[in-house]
Amino acid sequence: MGTLTDYLETEYLDALSKLPVESSKITSELLEQYKEIINTTLIQQFGLGKLVQFKDGGNVTTLHNARLDTFANGEDKGRFNTPYDKKTRTQIYEKDFKQDRKREFQKDVPIYDGYTGKELKKDGRAHKDHIIAAATIHKNDEARLYMSDEQRGAMAVNKKNLTWAEGSMNQSKGENDLLKWMESTSSQHPDIKNKDRFKIDEKMAKDKYGTAKQYMDQSIKDSKKDYYMKNIKETGIKQGNQMAKRQAIGVFLFELQNAFFSEMKTYFKHFKTYETNTAKLKAFKEACQNVKKRALSFQSLKKVFVGYSEGFMSGFVSNLITVLINTFARTSKNIVRIITEGTTSLIQAIRMILFPPKDMTFKQAIYEGSKIIVAAVITSVGVIITEAFINYLMTIVPLAPFAYLIGGILGGILTGVVSVSVIYGMDHFTSIIKKINVLMKETAYYTVVSIEELKENYNTAIAEIDTAFEEVLAKIFVEYERLYTLTKNAYDLKLNSSDSFNNSQKLASALEVDEEEILKTDKDIWDFFTQ
């Protein structure tokens, strides 16, 4: 046990000796960073945070989200949720239907039934029929989302989807699918299929149906591509501008804040040296001018421009990523925010790695980029925690009106502090590991040392201290006795003048008086009193 204890004690002391000397500088740095976090969070909550608005499902309505009743805007929602009824059919899919038929009747050209091939009379018994029924078009979710009412109406009455048909047949077909209707029977004629009852040329009908279907599918496909290209471009530019403004203003305010605090610190440091109010006012104006110069310097404006560029790129890219995700999964507004903030951090990390500062190595750039990614991950978790905190505050009646403000501020500060602390841990990893090593060895040492041994060591240490203390007291007593004897002899009037003079010199030397100041001869005494 003794050998193991000695070994562990040696290990512990060795680890302790390697521990770096801590100073208040590290704590000050952390406090400064925490202060910046609080200032930045307050700025974002009271201003910059409102520049970018996040919503459930993102900025573009996808088919997946529309089916879940989540829309990016009211126009998409109104169009997608419009019911199919007589009004919808006549206003959208049969607009100007009667006038078009009347114009066709006025032409000196015969008309033929598109399903049977026979000539039709130009009267009320000749109908224009949607080969793909209007109801089928309207019930197509992609058509309702990707195409406007006008586009679907135009598609429905395109010549590829219209044909002349005998009135009774058209009424029997109604809103049914043509191919299914041909193979089915009616309640009045259950023993004969509709295609046989109306003597339909099956090949002719299927050819027309195939042409209409192909046209319809291609039109919806083209509209889908145009819909996403148009909306992604518009919303991407909009969100890009929002993020760009937020980043640029944030960087500028940060630079302005740093310049202001730095100049004011210098100003108040020298405040007492200004003798008049005029001097104080002049110095304050100069400090303000310096703040302005620093905030508008080339380096600061360059950072603002970089922030603007990164913000626009992150806003546009994150909008695209959000749209892609929402094609198969609906995102909440907080997830949209996480995607946006994460994209911003990813772009910053990539820029750091690909275009590091001149005095930074590639290895250091990768490390700095990794810190940005870590901060982004922590921010993502912070967003979720902040939302939960806001929901909790909403249940407290007095705080409910301020839930978003309070929750946003506290959540932002907490997230920032955790981020800075983690990054600090990454930067001081070696030091922290050494501390942990000391704690582990200290724990191991005190684990194997018994209570009796600790008590014995304690008593031994106390005894050693007592002995050392007694020795110190003895030395003090001896020294005191020596000085007392010298002092007594130096001022003993019973001794002759020669002995007293020698004793005075000894006392002066014992008191460590400078040799040049000690009076050693009669001449020294005479000079001392006559000068």
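Use the structure listed above.
This section reports on the structure supplied with the text. (Residues numbered from 1 in each chain as written. Predicted model: local features only at pLDDT ≥ 70, side-chain atom pairs only at ≥ 80, totals over all residues. Heavy atoms only, no water.)

**Quick notes on the overall build of the protein**
Put simply, the rule reads: Here a strand is any run of E in DSSP of at least two residues, a helix any run of H or I of at least four, and the numbering for each starts at the N terminus. Burial classes follow relative accessibility: with a 1.4 Å probe on protein chains only, a residue under 20% of its type's maximum area counts as buried, one over 50% as exposed, and anything between as partly exposed. Note on contacts: a residue pair qualifies if any of its non-hydrogen atoms lie within 4.5 Å across the two residues. For the area figures, the Shrake-Rupley method with a 1.4 Å probe applies, and any residue is considered shielded solely by the protein chains shown.
In terms of regular secondary structure, the protein is built from 22 helices and four strands. When burial is assessed residue by residue, the protein has 31% of its 531 residues classed as buried. Put simply, 70% of the contacts in the protein that link residues at least 6 apart link residues at least 24 apart. Accessible area for the protein stands at about 33900 Å²; split by element, carbon and sulfur atoms hold 60% of it.

**What to know about the pattern of salt bridges**
The test is simple: Whenever a carboxyl oxygen of Asp or Glu lies within 4 Å of a side-chain nitrogen of Lys or Arg, that contact is scored as a salt bridge.
On inspection of all chains with the given rule, the structure shows 19 salt bridges. Here Glu 142 ties to Lys 224 by a salt bridge, and the two come within 3.7 Å at their closest N and O atoms. A residue pair is termed long-range when its members are at least 10 positions apart, and Glu 142 in helix H8 (residues 141-146) and Lys 224 in helix H13 (residues 202-269) qualify at 82 residues. Of the charged contacts in the structure, one is a salt bridge between Glu 234 and Lys 230, with a shortest N-O distance of 3.4 Å. Linking Glu 234 with Lys 230, this pair stays in helix H13, spanning four residues, or about one helical turn. Linked through salt bridges whose partners overlap, the residues forming this network are Glu 183, Lys 193, Lys 195, Glu 202 and Lys 206.

**Some words on the nonpolar core**
The criterion, for reference: We define the nonpolar core as a collection of buried residues of types Ala, Val, Leu, Ile, Met, Phe, Trp, Tyr and Cys that are connected through side-chain atoms lying within 4.5 Å of one another.
Counting residues in hydrophobic clusters, the biggest one holds 24 residues, and the most contacted among them are Tyr 115, Ile 137, Met 155, Met 169, Leu 178, Trp 181 and Ile 200. The set of elements that each furnish at least two residues to this core consists of helix H5 (86-93), helix H7 (134-138), helix H9 (149-156), helix H11 (178-183) and H13. Top element by residues in this core is H13. It accounts for six residues. Membership of the second largest hydrophobic core comes to eleven residues, among which are Phe 80, Tyr 146, Tyr 227 and Ile 232.

**Details of helix H14 (residues 277-295)**
Note the following rule: By this rule, a helix spans an expected 1.5 Å times one less than how many residues it contains. Note: the arc covers the axis-to-C-beta directions of the helix.
Under the 1.5 Å per step criterion, the end-to-end length of H14 is 27 Å for 19 residues, consistent within 8% with the ideal 27 Å. Three or more residues of H14 are buried, namely Ala 283, Ala 287, Val 291 and Ala 295. The buried residues of H14 occupy an angular sector of 110° when projected down its axis, which confines them to one face. The exposed set on the far side of H14, more than 90 degrees from its buried face, consists of Thr 278, Lys 282, Lys 285 and Lys 293. Contact partners of the buried residues in H14: H13 and helix H15 (298-326).

**Structural notes on a nonpolar patch on the surface**
So the rule is basically this: Residues qualify for a patch when their relative accessible area is over 30% and they have no salt bridge, like charges being joined within 9 Å and the nonpolar side chains of Val, Leu, Ile, Met, Phe, Trp and Tyr within 5 Å.
The grouping of Leu 346, Ile 350, Leu 354, Phe 355, Ile 373, Val 377, Val 381, Ile 385, Leu 414 and Val 418 at the surface amounts to a nonpolar patch, some 910 Å² of accessible area in total. The set of elements that each furnish at least two residues to the nonpolar patch consists of helix H16 (333-354), helix H17 (362-394) and helix H18 (403-427). The leading source of residues in the nonpolar patch is H17, at four residues. One can find Ile 373 in helix H17. When its relative accessible area of 32% is taken as the criterion, Ile 373 is described as partly exposed.

**Some remarks on the packing of aromatic side chains**
What counts here: A pair of Phe, Tyr and Trp rings is counted when the ring centres sit within 6.5 Å of each other, with Trp represented by its six-membered ring. The angle between the planes then sorts it: under 30 degrees is stacked, over 60 is edge-to-face, the rest tilted. Consider the ring centre and the ring normal. A charge sits over the ring if Lys NZ or Arg CZ is within 6 Å of that centre and within 35 degrees of that normal.
Counted under the stated rule, the structure contains 14 aromatic pairs. Judged by centre distance (6.3 Å) and plane angle (50°), the ring pair of Tyr 84 and Tyr 93 falls under tilted. Measuring from ring centre to ring centre gives 6.5 Å for Phe 312 and Phe 316, while their planes differ by 20°; the resulting arrangement is stacked. Separated by four residues within a single helix, Phe 312 and Phe 316 lie in helix H15, roughly one turn from each other. Put simply, the rings of Tyr 267, Phe 268, Phe 271, Tyr 274 and Phe 284 pair up and form one aromatic cluster. Over the ring of Trp 164 we find Lys 128; its NZ or CZ atom is 5.0 Å from the centre of that ring. Arg 144 extends its terminal NZ or CZ atom over the ring of Phe 80, reaching a point 4.4 Å from the ring centre.

**Topic: the environment of Tyr 84**
Filter applied, for reference: Counted as a polar contact is a pair of N or O atoms within 3.5 Å, where, for protein atoms, one must be capable of donating a hydrogen and the other of accepting one, and residues adjacent in sequence contribute only when both atoms are in side chains.
Within the secondary structure, Tyr 84 sits in the loop between helix H4 (74-80) and H5. A relative accessible area of 23% means that Tyr 84 is categorised as partly exposed. Considered as a pair, Tyr 84 and His 138 are 54 residues apart in the sequence and their alpha carbons are 6.8 Å apart. Contact partners of Tyr 84, with chain neighbours within four places excluded, come to Arg 89, Tyr 93, Ala 134, Ala 135, His 138 and Glu 175. A distance of 2.8 Å separates a polar atom in the side chain of Tyr 84 from a polar atom in the side chain of Glu 175.

**Observations concerning the pairing of strand E3 (residues 126-130)**
Regular strands place their side chains on alternate faces of the sheet. Our working rule: Pairing between strands is defined by DSSP: at least two bridges between them are needed.
Of all the five residues making up E3, five are buried; the element is thus mostly covered by neighbouring parts of the structure. As paired elements, E3 and strand E4 (residues 162-166) share five bridges and run antiparallel to each other. For Lys 128, the partnering residue across the bridge sits in E4 and is Trp 164.

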